[in-house]
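# A look at the structure
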Amino acid sequence: MEFKPKWIAWEITRRCNLRCVHCRSSSEMEIKGHPDFSTEKAFAILDNIASYAQPVVVLSGGEPLIRNDVFDIARYGTEKGLRMCLATNGTLVTDELCGKIKDSGLRIVSLSLDGSTEGVHDDFRNEQGAFSGTINAAKLFKKHGIEFIINSSFTKRNQEDIPKVYRLSKELGATAWYMFMIVPTGRGEEIMNELISREDYEDILEWHYQMEKDEHDMLVRPTCAPHYYRVVLQKAKEEGVKFERRTLKFSTGGSKGCIAGQLICLINVDGDVLPCSYFPKSAGNVMEQSFKDIWENSELFKELRDFKKYKGRCGSCEYVNVCGGCRARAYSVHGDYLEEEPFCSYVPLKMRKKVVSK
């Protein structure tokens, strides 16, 4: 596997107008200790990235639309040849903003939708009216011809709504729907008891497999669920079929599970480069060194790319090269990012053979 940066999430602010139960950065409207960087520093970071690679760069947060210079940043990145995208909760989207999105060169926008009804979504987002704001944003994007993705995060409190959220995303005209199985970081640590069980996790991934086989209009992906790639191989083999997966020009290809620090990373508002959006451990800081140096020489990234160092069931698993287990979830639950994926129920062949031989 070639380890080149294909997709970077960039937290351009930690401020947000919502207070979601699962927020990885514990965002609020006023954040102490993590101020927004200047427009000039934003341009310098884009220069830093573009001098080394041409990945997709997703302007994220917090809520990136809170920044007055968000479209200046997007336009500058576009001029540098980067494929600039935007991730928003949708509540601040207007007709005027849609015009600015198109003018700035942003290629695609992602929206957050965590329930098929106001009651479910607003409970997850801790804000009355959040659901209507997201639905309105989707309609405005369709009106203005802006391509959009819908990201949906799930815990026990909304897992029964998964099929309904999928159908609503399709009705709204999304290009893609990403089903996020949350990782308990940031504010998500407060709802550790709400994480979907191993057994339900497996059932949900099998549901996704059957749904994806029949879905021909919208790209669908389970995210932060690397063992789905093991499920796909198992089910396709059982059924004797060749499972062809659709791809999106703004995705990482969908050929492997956990790609933290391998194909993707996050740059947070302080300039720290993290393996992914849910992995709170820095590999280096782009305010102090080149992105190229961090990507190629960070010891953290080198360890994540060395599958032989993985422990427990992941280290013994025949699917390690296509799954890898969620490294952020291992870090959150075990305190060791090389430990086994805590929400996978699969027992590797090597371990089963050892039990039999005893």
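Structure shown above.
In this report, we go over the structure that sits alongside the text.

### Structural notes on the overall build of the chain
- Check the secondary structure of the chain and you find 13 helices and nine strands.
- Since a compact globule built from 358 residues should have a radius of gyration of about 21 Å, the 20 Å found for the chain is in line with a globular shape.
- Its C-alpha atoms give the chain principal-axis dimensions of roughly 65 × 45 × 40 Å.
- Burial status across the chain gives 58% buried among its 358 residues.
- Look at the contacts in the chain between residues 6 or more apart in sequence, and 72% of them connect residues 24 or more apart.
- For the chain, the exposed surface amounts to about 15300 Å²; the carbon and sulfur share of it is 48%.
- On the chain, the mean spot of the 51 positive side-chain charges and the mean spot of the 51 negative ones are 5 Å from each other.

### A closer look at the packing of aromatic side chains
- Tallying each qualifying case throughout the model produces 17 aromatic pairs.
- Between Phe141 and Phe148, the aromatic rings sit 5.9 Å apart at their centres with planes inclined by 45°, giving tilted as the arrangement.
- Arranged with centres 5.6 Å apart and planes meeting at 45°, the rings of Tyr166 and Trp177 form a pair that is tilted. Taken together, the residues Tyr166 in helix 6 (residues 162-172) and Trp177 in strand 6 (residues 176-181) connect sequence positions 11 residues apart.
- Ring pairing ties together the aromatic residues Tyr52, Phe291, Trp295 and Phe301, which thus form one cluster.
- One residue, Arg305, lies across the ring of Trp295, its end atom 4.8 Å from the ring centre.

### Considering the packing of helix 1 (residues 39-50) against helix 2 (residues 70-79)
- With their axes 10 Å apart at the nearest point, helix 1 and helix 2 run at an angle of 25° to one another. Between helix 1 and helix 2, the interaxial angle falls into the category roughly parallel. Here helix 1 and helix 2 pass one another in a crossing that is right-handed. The segment helix 1 lies against helix 2, with Ala42, Phe43, Leu46 and Asp47 engaging Asp72, Ile73, Tyr76 and Gly77.

### Here we look at the state of the cysteines
- All chains considered together, the criterion is met by zero disulfides.
- Here Cys98 stays unpaired: no disulfide links it, and the sulfur of Cys85, its closest cysteine neighbor, is 16 Å away.
- We classify Cys98 as buried; its relative accessible area is 0%.
- For the unlinked cysteine Cys258, the closest cysteine sulfur is that of Cys326, found at 5.5 Å.

### What about the packing of helix 7 (residues 198-214) against helix 8 (residues 228-239)?
- Where helix 7 contacts helix 8, the two axes come as close as 10 Å, and the packing angle between them is 60°. Judged by the angle between their axes, helix 7 and helix 8 are oblique. Handedness of the crossing formed by helix 7 with helix 8: right-handed. Counted together, Glu202, Leu205, Glu206, His208, Tyr209, Gln210, Glu212 and Lys213 of helix 7 and Tyr228, Arg230, Val231, Val232, Lys235, Ala236 and Glu239 of helix 8 form the full contact between these two elements.
- Its residues placed into classes, the contact of helix 7 with helix 8 shows six nonpolar, two polar and seven charged.

### Description of helix 7
- Its 17 residues place the ends of helix 7 25 Å apart at the C-alpha level, agreeing with the 24 Å of an ideal helix rising 1.5 Å per residue.
- Among the residues of helix 7, Tyr201, Glu202, Ile204, Leu205, His208, Tyr209, Met211 and Glu212 are the ones counted as buried.
- The inward-facing, buried residues of helix 7 contact helix 6, strand 6, strand 7 (219-223), helix 8 and helix 12 (327-334).

### Focus on the pattern of salt bridges
- Scanning all chains against the criterion turns up 23 salt bridges.
- For Asp95, the salt bridge goes to Lys143, with nearest N and O atoms at 3.0 Å. Remark: Lys143 occurs in helix 5 (residues 130-144) and Asp95 occurs in helix 3 (residues 95-103); sequence separation between them is 48 residues.
- By relative accessible area, Lys143 is classed as exposed at 59%.
- Note that Arg125 and Asp114 form a salt bridge whose closest N and O atoms lie 2.6 Å from each other. Of this pair, Arg125 sits in helix 4 (residues 118-125) while Asp114 is found in the loop between strand 4 (109-112) and helix 4, placing the two residues 11 residues apart along the sequence.
- Classification of Arg125 by relative accessible area gives buried; the value is 7%.

### Quick look at the pairing of strand 7
- For strand 7, the tally of buried residues reaches four of five residues, placing the bulk of the element in the interior.
- One ladder, built from five bridges, connects strand 6 with strand 7; its direction is parallel. Paired with Trp177 across the strands is Val220, a residue of strand 7.

### What about the pairing of strand 3 (residues 83-88)?
- With five of its six residues buried, strand 3 lies for the most part within the structure.
- Examined bridge by bridge, strand 2 (residues 56-60) and strand 3 share four bridges and lie parallel to one another. Each bridged residue has a counterpart across the sheet, and for Leu59 the counterpart in strand 3 is Leu86.
- Following the chain from strand 3 across helix 3 to the adjacent parallel strand 4, one finds a crossover that is right-handed.

### A word on the sheet that holds strand 5 (residues 148-154)
- With mixed pairing, the nine strands of this open sheet are ordered in space as 7-6-5-4-3-2-1-8-9. A strand with exactly one partner marks an edge of an open sheet, and here the two such strands are strand 7 and strand 9 (273-274).
- Bridge analysis of strand 8 (residues 264-267) against strand 9 gives two bridges, and the strand direction is antiparallel. The partner of Ile267 across the bridge, within strand 9, is Val273.
- This element, helix 5, spans strand 4 and strand 5 of the sheet and lies at about 155° to strand 4.

Criteria and cut-off values
Residues numbered from 1 in each chain as written. Predicted model: local features only at pLDDT ≥ 70, side-chain atom pairs only at ≥ 80, totals over all residues. Heavy atoms only, no water. Helix = DSSP H or I, 4+ residues; strand = E, 2+ residues; numbered from the N terminus. Rg over C-alpha atoms; globule rule 2.2 N^0.38 Å. Buried < 20%, exposed > 50% of the residue type's maximum accessible area, 1.4 Å probe, protein only. Contact = heavy atoms within 4.5 Å. Areas by Shrake-Rupley, 256 points an atom, 1.4 Å probe, with all protein chains shown as cover. Lys, Arg positive; Asp, Glu negative; His and termini not counted. Charge placed at Lys NZ, Arg CZ, Asp CG, Glu CD. Phe/Tyr/Trp six-rings, centres within 6.5 Å; stacked < 30°, edge-to-face > 60°. Lys NZ or Arg CZ within 6 Å of the ring centre and 35° of its normal. Axes fitted to C-alpha atoms, helices over the stretch in contact; angles between N-to-C directions. Parallel < 35°, antiparallel > 145°, perpendicular 65-115°, else oblique. Left-handed = near helix turned anticlockwise from the far one by under 90°. Disulfide = S-S within 2.5 Å. Nonpolar A, V, L, I, M, F, W, Y, C, P; charged D, E, K, R; others polar. Expected span 1.5 Å × (residues − 1). Salt bridge = Lys/Arg side-chain N within 4 Å of Asp/Glu carboxyl O. Pairing = 2+ DSSP bridges. Right-handed = clockwise from strand over helix to strand, strands pointing away.

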